[in-house]
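Per-entry structural report
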Amino acid sequence: MAASPLTNDAIAETAPGQSNYRFALTSLTSLFFIWGFITCLNDILVPYLKGLFDLNYTQALLIQFCFFSAYFVVSVPAGMLVSRIGYQSGIVTGLLIAGAGCLLFYPAAAAHYYPLFLLALFVLASGITILQVAANPYVSVLGKPETASSRLTMTQAFNSLGTTVAPFFGAWLIFGGMDAPKPGEVTESTVQLPYLLLATALIVMALIFAFLRLPKLGKKDADITVTGAAWQYRHLVLGALGIFVYVGAEVGIGSFLVSFITQPDIGALEAKTASHYIAWYFGGAMLGRFVGAVVMQYLAPGKVLAFNAVCAVLLLAVTILSGGKLAMFAVLLVGLCNSIMFPTIFSLAIAGLKQHTSQGSGILCLAIVGGAVLPLAQAALADNFGVQLAFIIPLLCYVYIAWYGAVGSKPKTTA
């Protein structure tokens, strides 16, 4: 059984009841939905901005690079911030910064300048990074430690709900249903309006969370530094690598789905139609998380993680070695395997960290930079050897995740 990551001071400070836990968890699910929605919009931006600015795959994947590199830059400062102001105030701060990033899409669209889009994405992702650092450990500590994986998986299911509906709304709101926009075909308002709406929603949520009565946790944790005591936990370090390769694999697959499905020897679909299949990919993750939240109350999370990763390896092998609809649906089914991976790796990695939980959370969010690095490497492979063969990168990522679930997640310190 993992030890509770709450400090005695934090427990004495609040002593919240189970009903307060339930209210807090219910409130937090809205956050998981909104950042899932925003993150998945990137998968719509990649193919459309690729056509709009006449980019190759590597240039287009700078969208994901700028978005997820924010996790690397911001995670440690975010961990330090959250340790001083607490989880709730950290959530409010993250929402406001994310809202500011959405507002930056207005001048980026007006200037019709690709680097400004990348800057807006970086600011937006910085706010979401702070949300991740605050909300993930918040969910983990709101209840019994032995059910932390199940609890975090359930809230992550609503993250997947956001990623499931985003492709439909994104393709319609941002690009008006156009299949392959060319310069001059996308007006300023088509890009500006959706992100202005998102900015409004984020700012309203920040105001709501500022006044909600939630358990005052997180503020009493130890200071967060890059070279701190949390690094002595081997399962945390290996878990950080697990988060790195998982996010890289998930983002890489999602970013190439439209390009892959539109190929004549795979799905032979138009880009507008193919973009809807992104919802299948993330919808599978949503379904799997609801199921996984129940399953992991009875089965060891590490074993479930290893099983799902092995299934993902097999599906990607089929994707690479076959063609037609078989390859198409094999890669879409990887979404179902992804379902429990992020919350399970996260909860396994911070198990038993006690007062180092906020630092551990910051380290794990730092590792989300895998979503910037690995898709860019996958894009380089796609430019040189084709989209299909480039799926070898996520396949290797899932091999490591299977090992972590079976072996590497066993808690022990390195010192």
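In this text the structure is predicted, and so the values were computed from the model without any measurement.

1. Notes on the packing of helix α14 (residues 341–350) against helix α17 (residues 392–408)
In contact at an axis separation of 12 Å, α14 and α17 are set at 45° when each is read in the N-to-C sense. Judged by the inter-axis angle, α14 sits oblique to α17. Along this stretch, α14 crosses α17, giving a crossing that reads as left-handed. On α17, the residues touching M341, I345, L348 and A349 of α14 are Y398, I401 and Y404. For the contact of α14 with α17, the residue count by class is seven nonpolar, no polar and no charged.

2. Observations concerning empty space enclosed by the protein
On inspection of all chains with the given rule, the structure shows three cavities of 30 Å³ or more. Of the voids in this model, the largest cavity is the one considered here, and its volume is about 310 Å³. In terms of lining residues, the largest cavity is bounded by 22 residues, among which T39, F68, Q132, N159 and E250 are the most central. Listing elements by their share of the lining of the largest cavity, those giving two or more residues are α2 (18–52), α4 (62–103), α7 (148–175), α9 (234–261) and α11 (278–295). If you tally residues by element for the lining of the largest cavity, the top one is α2, at five residues.

3. Focus: the confidence of the model for the protein
Overall, the predicted model of the protein reaches an average pLDDT of 78, with 77% of residues at or above 70. Every residue in residues 1–19 is under pLDDT 50, and counting partners more than four places away or in other chains gives 29 contacts. Taken as a whole, residues 221–227 scores under 50 in pLDDT and shows 21 contacts with residues more than four places along the chain or in a different chain.

4. A look at the packing of α4 against helix α16 (residues 370–385)
The N-to-C vectors of α4 and α16 enclose an angle of 160°; their axes lie 7 Å apart at closest approach. Between α4 and α16, the angle falls in the class roughly antiparallel. Both α4 and α16 take part in a crossing whose hand is left-handed. From α4, L62, Q64, F65, F68 and S69 reach across to α16, where they touch G371, A372 and L376.

5. Topic: the environment of V373
Considering the arrangement of structural elements, one finds V373 in helix α16. Using a relative accessible area of 37% as the deciding quantity, one classes V373 as partly exposed. Sequence-wise, V373 and F244 are 129 residues apart; in three dimensions their C-alpha atoms are separated by 9.0 Å.

6. Considering α11
The end-to-end C-alpha separation of α11 is 26 Å, in line with the 26 Å expected for 18 residues at 1.5 Å each. Taken together, the buried positions of α11 are I278, A279, Y281, F282, G283, G284, A285, M286, G288, R289, G292 and A293.

7. Examining the side chain of T129
Tracing the backbone shows T129 in helix α6 (residues 114–141). Taking the relative accessible area as the measure of exposure, T129 reaches 0% and is therefore buried.

8. Focus on the state of the cysteines
Throughout the structure, instances matching the rule amount to zero disulfides. Summary of cysteine pairing: C311 is not part of a disulfide, and the nearest cysteine sulfur, belonging to C337, is at 5.1 Å. Taking the relative accessible area as the measure of exposure, C311 reaches 24% and is therefore partly exposed.

9. Remarks on α17
With 17 residues, α17 extends 22 Å between its outermost C-alpha atoms, agreeing within 8% with the 24 Å of an ideal straight helix rising 1.5 Å per residue. Burial in α17 covers these residues: I393, P394, L395, C397, Y398, Y400, I401, A402, Y404, G405 and G408. On its buried face, α17 sits against α9, α12 (301–321), α13 (324–338), α14 and α16.

10. Side note on the nonpolar core
Ranked by internal contacts, the top residues of the largest apolar core, which has 126 residues, are L31 and Y398. Residues within four places of L31 in sequence aside, it is in contact with I91, L95, L131, A135, M205 and F209.

11. Quick word on the environment of A210
Structurally, A210 is set in helix α8 (residues 188–211). On a C-alpha basis, the gap between A210 and T93 in space is 9.4 Å, while along the polypeptide they are 117 residues apart. Among residues more than four places away in sequence, those in contact with A210 are Q88 and V92.

12. Regarding a nonpolar patch on the surface
Side chains of L96, L103, I203 and L207 sit close together on the surface and give an oily, nonpolar patch of about 330 Å² of accessible area. Where the nonpolar patch is concerned, the elements lending two or more residues are α4 and α8. A relative accessible area of 33% means that I203 is categorised as partly exposed.

Each value, and the rule that gives it
Residues numbered from 1 in each chain as written. Predicted model: local features only at pLDDT ≥ 70, side-chain atom pairs only at ≥ 80, totals over all residues. Heavy atoms only, no water. Axes fitted to C-alpha atoms, helices over the stretch in contact; angles between N-to-C directions. Helix = DSSP H or I, 4+ residues; strand = E, 2+ residues; numbered from the N terminus. Parallel < 35°, antiparallel > 145°, perpendicular 65-115°, else oblique. Left-handed = near helix turned anticlockwise from the far one by under 90°. Contact = heavy atoms within 4.5 Å. Nonpolar A, V, L, I, M, F, W, Y, C, P; charged D, E, K, R; others polar. 1 Å grid on protein atoms, 1.4 Å probe; cavity = no way out; pocket = protein on both sides within 12 Å on 5 of 7 lines; lining within 4 Å. Points joined across faces, edges and corners; volume = space filled by probe spheres on them. pLDDT = per-residue confidence, 0-100. Buried < 20%, exposed > 50% of the residue type's maximum accessible area, 1.4 Å probe, protein only. Expected span 1.5 Å × (residues − 1). Disulfide = S-S within 2.5 Å. Core = buried A, V, L, I, M, F, W, Y, C linked by side-chain atoms within 4.5 Å. Patch = residues over 30% accessible without salt bridge, like charges linked within 9 Å, V, L, I, M, F, W, Y side chains within 5 Å. Areas by Shrake-Rupley, 256 points an atom, 1.4 Å probe, with all protein chains shown as cover. Salt bridge = Lys/Arg side-chain N within 4 Å of Asp/Glu carboxyl O.

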